[in-house]
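Residue-level structural notes
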Amino acid sequence: MNQLKLAFESGNGILRLAPNWVPRSFCIPGRRIKLHPDDYYALGGERGGIDERWFASTTPADNGPLTPKDEGVSRVVCENNELVTLRDAVEELGADLIGERLWNEYHAWPIFSKFFDNLGPLPHHIHHRDRHAKLVGQRGKPECYYFPPQLNNHGGHFPYTFFGLEPGTTKDQVRECLKNFTKGDNKLTNLSRAYRLEPGTGWDVPPGLLHAPGSLCTYEPQAASDVYAMYQSLVDNQIVPESLLWKDCPKDKLGDYDYLLDVIDWELNVDPELKAHRFMSPRPVRPEAEMLENGYRELWVCYKSDAVSAKELTVLPGRTAIIRDSAAYGLIMMQGHGTMNNLKLETPALIRFGQLTYDEYFVSEQAARKGVKIVNESLSDPLVMLKHFGPANPDLN
């Protein structure tokens, strides 16, 4: 039996994953994702600071010509701490890992999640819809945001996010901003609206929606794609390279501002009820009294997208809970310690670059349906985890 199958069987359908750190050359780390202070530039200053940790990822990061192979791809921890990519695990285990429904449709794990931890805001940018992304060999990228209280002891430089465009904005106004990209501040956010970010809440961000993420540390379940383009030229007193305006643009469309406008889902961006349609407050998975009686509380934190969804699970101090789901999922520990089907669950306070942990796992559909037994070994601290699911979650009704 090979190492991967041994890990799958010994974990009863649950795989332990190694921390998966990703730098961004255009970002300054917010230092809230528990990486050791000496390690935020462990990959070198030219690569940029590490301000992301990716979860349950089979998707390589697109970080320019210096990006090593498989950066952003999660690794399964096997016997003797040998590492195998999650992509290889999905290819080998197939439906046994992700379930017949997703395997038959995608033959791949079609999502990942991450912590995004930037000290300042990002530029107003866009993730392409499928019809534009496929022109450069990629998939469209819907994503969702949730702001975990455990990782937001400070709000960073600008805890507000611009979404979309002010109703009444014209395409000529946006085109003029795009043409002014190389002239300093193209003032694109003058045409937008910022919303204050609140820990413990989230937003749905469909592809085609302009957004300039604020500086709260963000949990982001999203489609398995790293497609994007930056439409704002100056943010947090930093110039954005023009190459990022034309990122993921077909070669025959370079310099075509009308193509950049076509990437924008106009109706979505000028929606006068954008907050009502995109903002997400947590929703109980089932009646709260029933859950508390059984030793836990579970909330939907991302639920407005059919492409991805997420739950926050809390097991009460000193309690044991059997948790069942209808789909495979990845999980990341946020607080507390205990066990899951006798596997260690820990929430480290500080992680060195390259260190292995017991805070991230992938739960197969079979194990999820059977139910996982989670024991909170603390008598005072709740055990809290975030769980990220793929498309068309059967439990999301």
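The following refers to the structure shown.

Reading guide: rules and limits
- Per chain, the residues get numbers from 1 upward, laid out in the order the sequence is written.
- Residue-level local features of this predicted model are given only where pLDDT is at least 70; pairs of side-chain atoms are given and counted only at 80 or more, and the full residue set underlies all totals for whole chains, interfaces and linings.
- The basis for the side-chain values is all heavy atoms of the structure; hydrogens and waters are excluded.
- Only strands joined by at least two bridges in the DSSP assignment are considered to pair.
- Under the scheme used here, helices are H or I runs from DSSP no shorter than 4 residues and strands are E runs no shorter than 2 residues, and both carry numbers assigned from the N terminus.
- Here, the term nonpolar core denotes a set of buried Ala, Val, Leu, Ile, Met, Phe, Trp, Tyr and Cys residues that are joined through side-chain atoms within 4.5 Å.
- Residue exposure (1.4 Å probe, protein chains only): buried if accessible area is under 20% of the type maximum, exposed if over 50%, otherwise partly exposed.
- Contacts are residue-level and defined by heavy atoms, with any inter-residue pair within 4.5 Å sufficient.
- Each reported salt bridge corresponds to a side-chain nitrogen of Lys or Arg within 4 Å of a carboxyl oxygen of Asp or Glu.
- By convention, a stacked pair of Phe, Tyr or Trp rings (six-membered ring in the case of Trp) has centres within 6.5 Å and planes under 30 degrees apart, an edge-to-face pair has planes over 60 apart, and any other such pair is tilted.
- Only when the NZ of Lys or the CZ of Arg is both within 6 Å of the ring centre and within 35 degrees of the ring normal is a charge said to sit over the ring.
- For every element, the axis is a line fit to its C-alpha atoms; helices are fit only across the contacting stretch, and the angle between N-to-C directions ranges from 0 to 180 degrees.

On to the sheet that holds strand β21 (residues 309–315), then. Spatially, β1-β26-β23-β28-β21-β20-β19 is the arrangement adopted by the 7 strands of the open sheet, whose pairing is antiparallel. Both outer strands of the open sheet, β1 (14–16) and β19 (283–284), are each paired with one neighbouring strand and no more. Pairing analysis gives 7 bridges linking β21 to strand β28 (residues 383–389), with the strands arranged antiparallel. Paired with Glu312 across the bridge in β28 is Leu386.

Attention shifts here to the nonpolar core. Membership of the largest hydrophobic core comes to 45 residues, with the highest contact counts inside it found for Leu15, Leu86, Leu97, Trp109 and Phe362. For this core, the element with the highest residue contribution is helix α2 (residues 86–93), accounting for 4 residues.

A few words on the pairing of strand β6 (residues 111–116). With 6 of 6 residues buried, β6 lies mostly within the body of the structure. Because side chains alternate across β6, one face comprises the buried residues Ile111, Ser113 and Phe115, and the other comprises Phe112, Lys114 and Phe116, equally buried. As defined by bridge partners, strand β3 (residues 49–55) adjoins β6 across 4 bridges and the pair is classed as antiparallel. In the strand pairing of β6, Phe55 is matched with Ser113. Of the pairings in the sheet, the one linking β6 to strand β14 (residues 222–223) comprises 2 bridges and is antiparallel in character. Directly across from Ile111, in β14, lies its bridge partner Ala223. Note that β6 and strand β13 (residues 218–219) share 2 bridges and pair antiparallel. Each residue of the ladder has a partner; that of Phe115, found in β13, is Tyr219.

A word on the side chain of His132. When you line up the elements, His132 lands in helix α5 (residues 130–133). Beyond its immediate chain neighbours, meaning those up to four positions away, His132 contacts Tyr259, Asp262 and Val263.

What follows is about the pattern of salt bridges. Counting across every chain of the model gives 24 salt bridges. Here Lys247 and Asp248 are joined by a salt bridge, their closest N and O atoms 2.6 Å apart. A single burial state applies to Lys247 and to Asp248, both of which are buried. Put simply, Lys387 and Asp325 hold a salt bridge, and the shortest N to O gap is 2.8 Å. Of this pair, Lys387 sits in strand β28 while Asp325 sits in the loop between β22 (320–323) and β23 (329–335), placing them 62 residues apart in sequence. Pair check on accessibility: Lys387 and Asp325 agree, each one buried. Salt bridges here are not isolated pairs; linked through shared partners, they connect Arg24, Glu52, Lys114, Lys141 and Asp226.

So, about the packing of aromatic side chains. A complete count under the given rule lists 13 aromatic pairs for this structure. Seen in terms of ring centroids, Trp203 and Phe279 are 5.4 Å apart; in terms of plane orientation they differ by 75 degrees. Their pairing is edge-to-face. You can see Trp203 sitting in strand β11 (residues 202–205) and its partner Phe279 sitting in strand β18 (residues 279–280), a full 76 residues away along the chain. With relative accessibility at 2%, the residue Trp203 sits in the buried group. Overall, the relative accessible area of 22% leaves Phe279 in the partly exposed class. Within the aromatic cluster, the residues linked to one another by ring pairs are Phe163, Tyr195, Trp203 and Phe279. One Lys or Arg, Arg53, reaches over the ring of Trp21 and ends 5.4 Å from the middle of that ring.

A few words now on the sheet that holds strand β25 (residues 343–345). Within the open sheet, the 4 strands sit side by side as β22-β27-β24-β25. Their pairing is antiparallel. With partners counted over all chains shown, the strands left at the sheet margins are β22 and β25, one partner each. Sheet twist, expressed as the average angle between the axes of neighbouring strands with direction ignored, equals 25 degrees. Inspection of the sheet shows strand β24 (residues 338–340) paired to strand β27 (residues 372–376) by 3 bridges, in the antiparallel sense. Counterpart to Met340 in the pairing with β27 is Ile374.

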